[in-house]
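# Remarks on the overall topology
Chain residues, written in single-letter form:
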Amino acid sequence: MSLPTSAAVVTPGSFLTLHYRLAGPAGDIINTFNDKPATLSLGTGELSPAVEQRLLGLEEGTHATFELPPGEAFGERNPEMQQWVARTLLAKMGDPDEHYAVGDVVQFPTPDGTGSYAGAVIESNETAVRFDFNHPLAGQPVTFELRLIGIL
């Protein structure tokens, strides 16, 4: 006689395999449902704390959709996160002949060189390019859909 087994449940630090979709008012930002599933570990900053909170207690196999109000998932938009970067510095960091168009997303190395962060071009002139380093969904309502495939 075997005992009934219960489904695994998401707890802090869980390692997850899942399909997920993050969308704002303009549509999907990330959607893995038509590709390979994602693997991530809770508590490592791969998802925002507000999104991770929605996962806690869910069972393996769950398919759910959460609506997060504006600003909850990725904070409010911060005007100080919009910065001008001199074209001379951009040329030193990458291709000196690069052309930057509004909407382009550019990766920048972190000061310690171990990671990167992204900024979206919002304006430019002959000497500098203005980037918005806010998360694209900052200050926006967010739809978070997931299907939990596995929990370790």
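Attention here is on the structure that accompanies the text. Nothing here was measured: the structure is a model prediction, and the numbers come from that model.

### Digging into the pattern of salt bridges
Pairing between side chains of opposite charge can happen when their charged atoms approach one another. Inspection of the entire model under this criterion finds five salt bridges. Between E72 and R54 there is a salt bridge, with its nearest N and O atoms 2.8 Å apart. Residue E72 is located in the loop between β4 (63-68) and β5 (82-86), and its partner R54 is located in helix α1 (residues 49-55); the two are separated by 18 residues in the primary sequence. Assessed through its relative accessible area of 34%, E72 is described here as partly exposed. The salt bridge involving R77 is made with D132; its shortest N-O contact spans 2.3 Å. In this pair, R77 is assigned in the loop between β4 and β5 and D132 in strand β8 (residues 128-132), connecting sequence segments 55 residues apart. Given a relative accessible area of 36%, R77 falls into the partly exposed group.

### A look at the nonpolar core
Counting residues in hydrophobic clusters, the biggest one holds 23 residues, and the most contacted among them are L16, Y20, L55, F144 and L146. With five residues, strand β9 (residues 142-151) is the largest single contributor of residues to this core. When near neighbours in sequence (up to four residues on either side) are disregarded, Y20 contacts I30, N31, T32, F33, A38, L40, L47, F144, E145 and L146. If you look at the next biggest cluster of nonpolar residues, it comprises nine residues, including F108, V121, V129 and F131.

### Things to note about the pairing of β8
Across the five residues that make up β8, a large majority, four, are buried. As paired elements, β5 and β8 share five bridges and run antiparallel to each other. Bridge pairing links W84 to R130 in β8. For strand β7 (residues 116-124) and β8, the ladder comprises four bridges, and the chain directions are antiparallel. For V121, the partnering residue across the bridge sits in β8 and is F131.

So, how was this worked out
- Residues numbered from 1 in each chain as written.
- Predicted model: local features only at pLDDT ≥ 70, side-chain atom pairs only at ≥ 80, totals over all residues.
- Heavy atoms only, no water.
- Salt bridge = Lys/Arg side-chain N within 4 Å of Asp/Glu carboxyl O.
- Helix = DSSP H or I, 4+ residues; strand = E, 2+ residues; numbered from the N terminus.
- Buried < 20%, exposed > 50% of the residue type's maximum accessible area, 1.4 Å probe, protein only.
- Core = buried A, V, L, I, M, F, W, Y, C linked by side-chain atoms within 4.5 Å.
- Contact = heavy atoms within 4.5 Å.
- Pairing = 2+ DSSP bridges.

Read these as layout, nothing more, since geometry by itself doesn't imply function.
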